[in-house]
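# Understanding the architecture of this molecule
One letter stands for each residue in the lines below.
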Amino acid sequence: KANAKLEKIIKINKAFLEKRVQKEYSEKTLEITQKIALLSPDFDTVWNYRREIITFLNETKSPDDKYKFYITELLSLVKLMKENPKSYTLWEHRQWVILQGLKIEKFMTDAQLSQVGGGILNNELKLCDKMLVADERNFH
C-alpha cells in the first residue's frame, strides 16, 4: 500500500513539475496542486506553484471575485489542516491567502464584512479556537 502511494506521488509530481517549468497557470493546474497537497502537504513547491497560479488567475478578476476566491481557498484548506495540523508549509500558504484577502478587506464596508462572518481575521480566530479545543498543543 505504501509503495502504491509512493508511485502515485512520483507520477503526479513529475507531471506537476513539468507544468510548473512550462508556467502553466490554469484552473486545471490549480486542481492538480490540490491533489498533490492532499498526498504530500509538506511539499513546499506545491504551495509555491499554487500561489503562482492563484496570482496569475486573479490578475483579471474584480476585487469581489478575488475576495470570494480567497475565502473559498481558506475553506478548502480546513480539511487539510484537520489531517495535517502541524504542516508548516500548509500554514504558510494559509497565511499568504489571509494577507491577500486582507488587502481587499481594507476597502470593504462593515455591511460587506458582516456578510462573510465579520471578515477573514474574525473567521480565523474562530478556527483557531476550534483547533485549540481539538489539540491545545496546536500553537501554529
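Summary of the structure given here. Keep in mind it's a predicted model, so treat the numbers as computed, not measured. (Residues numbered from 1 in each chain as written. Predicted model: local features only at pLDDT ≥ 70, side-chain atom pairs only at ≥ 80, totals over all residues. Heavy atoms only, no water.)

### Observations concerning helix α1 (residues 2-21)
As a reminder of what qualifies: A run of H or I in DSSP counts as a helix once it spans at least four residues, and a run of E counts as a strand once it spans at least two, with each numbered from the N terminus. Expected span of a helix, by definition, is 1.5 Å for each gap between consecutive residues, and there is one gap fewer than residues. Exposure classes here rest on a 1.4 Å probe applied to the protein chains alone. A residue is buried below 20% of its type maximum, exposed above 50%, and partly exposed in between. Regarding the arc, it is the one traced by the directions from the helix axis to the C-beta atoms.
In this model α1 runs 28 Å from its N-terminal to its C-terminal C-alpha over 20 residues, within 8% of the 28 Å that 1.5 Å per residue would give. Every buried residue of α1 is accounted for by I9, N13, F16 and K19. All buried residues of α1 project into a common sector of 120° when viewed along the axis, lining one side. What points out from α1, more than 90 degrees from its buried face, is the exposed set N3, A4, E7, I10, K11, K14 and V21. Downstream of α1 by a residue or two, K23 has a phi angle that is positive, lying close to 55°.

### Quick notes on the packing of aromatic side chains
The line we're drawing: Two rings from Phe, Tyr or Trp (for Trp, the six-membered ring) form a pair when their centres sit within 6.5 Å of each other. Planes less than 30 degrees apart are called stacked, planes more than 60 degrees apart edge-to-face, and all others tilted.
One pass over the full model with this rule turns up 6 aromatic pairs. With 5.3 Å between their ring centres and 55° between their planes, F16 and Y49 make a pair best called tilted. Placement of F16 in helix α1 and of Y49 in helix α3 (residues 44-58) is noted, with a sequence separation of 33 residues between them. Aromatic rings pair up to connect F16, Y25, F43, Y49 and F56 into one cluster.

### Some thoughts on the packing of helix α2 (residues 27-39) against helix α4 (residues 63-83)
The description of two packed helices rests on the angle between their axes and on the distance between the axes. Note the following rule: In this description, a line fitted to the C-alpha atoms serves as the axis of each element, helices being fitted only across the stretch in contact, and the angle between N-to-C directions of two axes falls anywhere from 0 to 180 degrees. Should an angle fall under 35 degrees it is taken as roughly parallel, and over 145 as roughly antiparallel, whereas 65 to 115 is taken as roughly perpendicular and any remaining angle as oblique. By convention, the crossing between two helices is left-handed when the near helix turns anticlockwise from the far helix through less than a right angle, and right-handed when the turn is clockwise. Pairs of residues are marked as contacts when any of their non-hydrogen atoms sit within 4.5 Å. Each residue is assigned to one of three groups, with Ala, Val, Leu, Ile, Met, Phe, Trp, Tyr, Cys and Pro labelled nonpolar, Asp, Glu, Lys and Arg labelled charged, and all others, Gly among them, labelled polar.
At a minimum axis separation of 11 Å, α2 and α4 run at an interaxial angle of 25°. By the angle between their axes, α2 is roughly parallel relative to α4. For the pair α2 and α4, the sense of crossing is right-handed. In contact with L30, Q34, A37 and L38 of α2, α4 contributes F69, S76 and L80. When grouped by side-chain class, the residues that make up the contact of α2 with α4 number 5 nonpolar, 2 polar and no charged.

### Points about the layout of surface pockets
Selection criterion: A pocket, in this scheme, is an open set of points on a 1 Å grid over the protein atoms alone with protein on both sides within 12 Å along at least 5 of 7 lines, while a cavity is a set where a 1.4 Å probe fits but cannot get out; residues line either one if an atom lies within 4 Å of a point. Grid points are joined across faces, edges and corners, and a volume is the space filled by probe spheres set on the points.
The computed volume of the largest pocket comes to approximately 350 Å³. Lining the largest pocket are 14 residues, with L75, V78, R94, N123 and L127 positioned closest to its centre. Elements that contribute at least two residues to the lining of the largest pocket include exactly α4 and α7 (120-134). Among the elements that take part in the lining of the largest pocket, α7 stands out by supplying 7 residues, more than any other.

### Observations concerning helix α5 (residues 88-105)
Counted at 1.5 Å a residue, the expected span for α5 with its 18 residues is 26 Å, and the 25 Å between its end C-alpha atoms agrees. Among all positions in α5, only T89, L90, W91, H93, R94, W96, V97, I98, Q100, G101, I104 and E105 are buried. Packing partners of the buried residues in α5 comprise α3, α4, α6 (110-115) and α7.

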